[in-house]
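A look at the structure
Here is how the chains run, residue by residue.
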Amino acid sequence: MLLAGSIAPMPYLNRQGDVFVLYLGNEGETDNENRFHPDWIDATHALLDEVEAHEGPAALVTTATGKFYTNGLDTDWIFGNLDKLPGYLDRVHTVFSRLLTFPMATIAAVQGHAFGAGAMLAVSQDFRVMRSDRGYYCLPEVNLNMPFTVGMSSLLTSRLTRQTAVEAMTTGRRYGGADALAAGIVDDAVEGDLVLGAAVARASALVSTRGANLSGIKRGIHRETLEALGTATDESNFKFG
């Protein structure tokens, strides 16, 4: 949670060879929740613009440096701006849509907790590597009395197996790395500090696929979900709390 008057953690870029690494919170800090503050969303899009502008083979890994991969929606901002909630959620959707169609391979290196919209961010990417010894993948909305938007529901039910989506969305189960792997939520689970290296290695093997053709293939795969994510949030059907 942010204290009054504090600045939202900002994402930043690093690079390992042809692989861009997008860190979801402030450099050198380990206690950020990396929530989807409006400024964070804008900064994330700006960094994705920078990655897209690079010419040549490339792939993208997203990760963070502390306890959280990302803790999802910025509830502090939401409760202070309830009149802006539909537009805010539509803006959150743009991050998911962009990653679903990103013109290079995308890998989520989930080194810590991925909750709510943070869990959705992970499944918006092509592949996921998760830490096996600490951290949870969790959709807590059912316990927060918070509905999923049409776009969020489509994203989760298309990217998870149907029964895993039912369990994750209706029970709020917390999946550790091994359980997430068994449920098909992630593609690999490795110990501790090996997460980023495993994700970068997977991404490095795919840098040659970068380009408009890859983006077009992804658009075909995710067509229905992209349409749902592009549907404006109906305030009458979405109440927080």
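What you see is a predicted model, and the numbers here were worked out from it, not measured in a lab.

1. A few points about the confidence of the model for the chain
- Within the chain, residue pLDDT values average 93, and 93% of them lie at 70 or more.
- Confidence drops under pLDDT 50 across residues 1-6; counting only partners more than four residues distant or on other chains, this segment forms nine contacts.

2. Some points on the sheet that holds strand β8 (residues 137-138)
- Judged by pairing direction, the sheet is mixed, and its four strands sit side by side in the order β4-β6-β8-β9 without closing on themselves. Whereas interior strands pair on both sides, the edge strands pair on one side only; in this sheet they are β4 (68-70) and β9 (174-175).
- By the bridge criterion, two bridges tie β8 to β9 in an arrangement that is antiparallel. Considered in β9, the bridge of Cys-138 is made with Arg-174.

3. Here we look at the pairing of strand β7 (residues 127-131)
- With four of its five residues buried, β7 lies for the most part within the structure.
- Here β7 runs beside strand β10 (residues 188-190); their pairing, made up of three bridges, is parallel. Directly across from Val-129, in β10, lies its bridge partner Asp-188.

4. Considerations on the pattern of salt bridges
- Per the stated rule, a full pass over the model turns up twelve salt bridges.
- A salt bridge links Asp-42 to Arg-91, with the shortest nitrogen-to-oxygen separation between them at 3.0 Å. Here Arg-91 lies in helix α3 (residues 85-100) and Asp-42 lies in helix α1 (residues 38-53), a separation of 49 residues in the sequence.
- As a salt-bridge pair, Asp-133 and Arg-131 come within 2.7 Å of each other at their nearest N and O atoms.
- By relative accessible area, Asp-133 is classed as partly exposed at 47%.
- Salt bridges linked by common partners bring Asp-49, Glu-52 and Arg-98 together as one network.

Analysis parameters
Numbers given to residues run from 1 along each chain, matching the order in which its sequence is written. Side-chain atom pairs in this predicted model are given and counted only at pLDDT of 80 or more, local residue features only at pLDDT of at least 70, and totals for whole chains, interfaces and linings cover all residues. Remark: hydrogens and water are excluded; side-chain values derive from all non-hydrogen atoms of the structure. Confidence of the predictor at the level of single residues is captured by pLDDT, which takes values from 0 to 100. Contacts are residue-level and defined by heavy atoms, with any inter-residue pair within 4.5 Å sufficient. Paired strands, in this sense, are two strands between which DSSP finds at least two bridges. Where helices and strands are cited, they refer to DSSP runs of H or I of at least four residues and of E of at least two residues respectively, numbered from the N terminus. The buried label goes to any residue with under 20% of its type's maximum accessible area, the exposed label to any with over 50%, and the partly exposed label to all in between, with areas taken from a 1.4 Å probe on protein chains only. One speaks of a salt bridge when a side-chain nitrogen belonging to Lys or Arg is within 4 Å of a carboxyl oxygen belonging to Asp or Glu.

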